[in-house]
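Examining the three-dimensional arrangement
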Amino acid sequence: MSEEQQIPTSEAEESRLAWLSGFLDIITAPRELALRHVTRPAQVIVMAALLITFAFTFVQYLYSVNDGIRGQMFTMQAQGFEKMAKKQGMADGQIEEQMDKFKEQQEFSLPKTLGVSLIFTLISVFLYGFLFWILQRLFNSEPPPALVIVALVNYTASIAALGYVLTGLMQFAANSISASPSPTLFINATDSPYLLQFLGRINPFTIWEYVIAGIVVAKHVGMSRGQGIGIGVTALAITLMLFGSFAWAMSSFMS
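A brief report on the enclosed structure follows.

So, how was this worked out
- Residues numbered from 1 in each chain as written.
- Predicted model: local features only at pLDDT ≥ 70, side-chain atom pairs only at ≥ 80, totals over all residues.
- Heavy atoms only, no water.
- Helix = DSSP H or I, 4+ residues; strand = E, 2+ residues; numbered from the N terminus.
- Buried < 20%, exposed > 50% of the residue type's maximum accessible area, 1.4 Å probe, protein only.
- Contact = heavy atoms within 4.5 Å.
- Areas by Shrake-Rupley, 256 points an atom, 1.4 Å probe, with all protein chains shown as cover.
- Salt bridge = Lys/Arg side-chain N within 4 Å of Asp/Glu carboxyl O.
- Patch = residues over 30% accessible without salt bridge, like charges linked within 9 Å, V, L, I, M, F, W, Y side chains within 5 Å.
- Lys, Arg positive; Asp, Glu negative; His and termini not counted.
- Charge placed at Lys NZ, Arg CZ, Asp CG, Glu CD.
- Expected span 1.5 Å × (residues − 1).
- Axes fitted to C-alpha atoms, helices over the stretch in contact; angles between N-to-C directions.
- Parallel < 35°, antiparallel > 145°, perpendicular 65-115°, else oblique.
- Nonpolar A, V, L, I, M, F, W, Y, C, P; charged D, E, K, R; others polar.
- Phe/Tyr/Trp six-rings, centres within 6.5 Å; stacked < 30°, edge-to-face > 60°.

This part covers the overall build of the chain. Each helix and strand in the chain was counted, giving 12 helices and zero strands. Ordered by position in the sequence, the α and β elements of the chain form the string α-α-α-α-α-α-α-α-α-α-α-α. The buried share of the chain, taken over its 255 residues, is 42%. Of all intrachain contacts in the chain linking residues separated by at least 6 positions in sequence, the fraction that spans at least 24 positions is 70%. For the chain, the computed accessible surface area is about 14,200 Å², with 64% contributed by carbon and sulfur atoms.

What follows is the structure, encoded as structure tokens:
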């Protein structure tokens, strides 16, 4: 095959894989990314879910091989269950049996962790992207298809995955589930597991993820950077309110 015949094939292959570069461009060149046409939204969404799933699975593996973190996670599960079980009048033997099950569940299983986390991640990436579509729709009379915005927003999966991994490594090094770049540093994890989950979301990576998603969406639909920051901050506030309400409800239920 001549060189002239090879060039179009190479360019076509590069074009087919161009959508992948968005996961790096969201960090290095978000402005340029916002101006692109999203031609393969389904692939972007699936890859975003896989990135987050692999990062989450890696962190769960780190937890499973760290005795300090394993102990803290067991204590959090055991305390909550024990309070609820005593309220329901459960026998001591049944409580001990459930405690043994909690210990068994801490054993790391790659297929189980991947499978369960992938299902929940696929749901979360759609909800995350759809939230941004709704917010920009309030100001945009001719919005692009929802799937396009969902895909564009989920290029931030690379930021989320980076945050998961770096935070997991920080916790592993410190032998503590509370060790993260968030307010969790100032609470006792075993006393407030649901508060721990909520405060853990208030970190530089999550803020970066939401704000940059807002900016990219706004630029894509012809809005200003300021409006994009507003969209990102609003989306983050809504997310934190939902998780905060859940944390409060569960803490009240378990207390």
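Our next topic: the pattern of salt bridges. Throughout the structure, instances matching the rule amount to two salt bridges. R70 is the partner of E107 in a salt bridge, and the nearest nitrogen-oxygen pair spans 3.5 Å. Residue E107 is found in the loop between helix 6 (92-105) and helix 7 (110-137), and its partner R70 is found in helix 5 (residues 67-87); the two are separated by 37 residues along the sequence. According to the relative accessible area criterion, E107 is exposed, its value standing at 52%.

We now examine a negative patch on the surface. A cluster of acidic side chains, namely E96, E97, D100 and E104, defines a negative patch on the protein surface. Relative to the helices and strands, E104 is located in helix 6.

As a further point, take a nonpolar patch on the surface. A cluster of nonpolar residues, I27, F58, L162, L166, L169 and W208, forms a patch on the protein surface that exposes about 470 Å² of accessible area. By residue number, the principal contributor to the nonpolar patch is helix 9 (residues 157-174), which donates three residues. With respect to the helices and strands, the residue L169 is situated in helix 9.

Let us now look at helix 11 (residues 204-220). Look at helix 11: 24 Å from first C-alpha to last across 17 residues, which is about the 24 Å you get at 1.5 Å a residue. Buried within helix 11 we find F205, T206, E209, Y210, I212, A213, G214, I215, V216, V217 and A218. G222, located one to two residues past helix 11, shows a positive phi value of around 90°.

Mapping T57 onto the fold places it in helix 4 (residues 41-64). Overall, T57 belongs to the buried group, its relative accessible area being 5%. Apart from the residues lying within four places of it in its own chain, the contact partners of T57 are F108, L110, T113, L114 and S117.

Here D25 lies in helix 2 (residues 22-28). A residue is classified by how much of its surface remains accessible, and D25, at 12% relative accessible area, is buried. Excluding anything up to four places from it in sequence, D25 contacts P30, L33 and R36.

In this structure, L24 sits in helix 2. Considering only alpha carbons, one finds L24 and Y155, 131 residues apart in sequence, at a separation of 8.3 Å.

Let's shift gears to the packing of helix 9 against helix 11. The contact between helix 9 and helix 11 brings their axes to 9 Å, and the two run at 180°. With respect to each other, helix 9 and helix 11 are oriented roughly antiparallel. Contacts between helix 9 and helix 11 involve I159, A160, L162, G163 and L166 on the former and, on the latter, F205, W208, E209 and I212. Its residues assigned to classes, the contact of helix 9 with helix 11 comprises seven nonpolar, one polar and one charged.

A word on the packing of aromatic side chains. According to the stated counting rule, one finds seven aromatic pairs in the structure shown. Centroid distance Y128 to F132: 5.3 Å. Interplanar angle 80°. Geometry classified as edge-to-face. A residue pair is termed a helical-turn pair when its members lie 3 or 4 positions apart in one helix, as Y128 and F132 do in helix 7 at four residues. Across the pair, F132 and Y128 agree in class, each one buried.

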